[in-house]
Amino acid sequence: MIALRDRVVTFARELVGLTADPSCPAHRARYLALIGPVETQARAAALATLSGCELVQRGILRAFITHPLLEHPYRDRKAGEDLLAIAREARAVLEVTATPQPGDIVIVGGGVDGGGPEHAWMVLEIDPDPSGAGYLVTGLDGGQRDGRDFECIKIRGHAISRGFDTVDGLRRRVRAVLDLDLIFGRFGRSDLDPPPFEALDLRPALPT
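For clarity, every value in this text was computed on a predicted model and none was experimentally measured.

A.B. asks: What is the right way to look at the overall build of the chain in this model?
C.D. replies: If you tally the helices and strands in the chain, you get 8 helices and 7 strands. Its C-alpha atoms give the chain a radius of gyration of 16 Å, within 12% of the compact-globule value 17 Å for 208 residues. Expressed along its principal axes, the backbone C-alpha trace of the chain runs to roughly 45 × 40 × 30 Å. Sorting the 208 residues of the chain into buried and exposed places 50% on the buried side.

Here you go:
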C-alpha cells in the first residue's frame, strides 16, 4: 500500500502545468475541475481569474478528504479560512517553527507584517539547507502566471528559515503549517482507488 504522503505528492505533481488559459482547453478543463468542481460553469470560469494558490490547495485536499467546506460552493475570499478551519478541526495546525513534511500545506504572508500577500503552497520535497540556516523545499504553488498571464500551477523552490519563507527574493512570514496526516486522520476518504487524479480526470494532457 502506497503511503498517504506519497500518494498526495504524486497527485500534486500531476497538477504541474495546469493553466486557466483558454488556448489550452484540456489543461483549463482540468484546472477548473480542480478548483471548482461543485460550481456552475460560469462560476468556475470566474474563479479561474482569481489568484489560485489556496484554491489549488483546497482542490488537493478535496481529492483525499471529505468536509462540508469542500462540498459546497466556494465562499469568496474564504479559501485560506477554509484551509485553516479544516486543519483546526483536525488539530493539525502546527507551530510555525515546525519542520513541514511532504504533503503538508504551508501558509505564508498576509497582514501588515507578512512581507507580502497571503499565499499557500504544498511541500513536495524538503532537505536541510547546506548553510545550516533552515531548509530548502520543493513546493507546489498555485497562483502563478503562465507565459500568457493566466493562472497556472508550478513547482517553485522555497527556503524556510527562522519562521520565514523566501522564494525568488520574496520573504514572507510563515503563518501556519498544516499537517496532512492529522487532517486525513480526521476527514480522510476511504475510496481512494483508483488514484484520485484518475477518478477526477485531472491528469494533464500530453503536449500536442
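A.B. asks: Can you help me understand the environment of Met-122 in this one?
C.D. replies: Along the chain, the position of Met-122 falls in strand S3 (residues 119-128). Met-122 sits in the buried class, given a relative accessible area of 0%. In sequence terms Met-122 and Thr-10 are 112 residues apart; their C-alpha atoms lie 12 Å from each other.

A.B. asks: Before we go on, may I ask you to explain the side chain of His-119 in this structure?
C.D. replies: Structurally, His-119 is set in strand S3. Reaching out from His-119, the side chain makes a polar contact with the side chain of Asp-141 at a distance of 2.7 Å. Those residues in contact with His-119 that sit more than four places away from it in its chain are Cys-53, Val-106, Ile-107, Val-108, Asp-141, Gly-142, Gln-144 and Arg-172.

Rules used in this analysis
- Residues numbered from 1 in each chain as written.
- Predicted model: local features only at pLDDT ≥ 70, side-chain atom pairs only at ≥ 80, totals over all residues.
- Heavy atoms only, no water.
- Helix = DSSP H or I, 4+ residues; strand = E, 2+ residues; numbered from the N terminus.
- Rg over C-alpha atoms; globule rule 2.2 N^0.38 Å.
- Buried < 20%, exposed > 50% of the residue type's maximum accessible area, 1.4 Å probe, protein only.
- Polar contact = N/O pair within 3.5 Å; in protein donor to acceptor, adjacent residues only side chain to side chain.
- Contact = heavy atoms within 4.5 Å.

Structural measurements only, silent on function.
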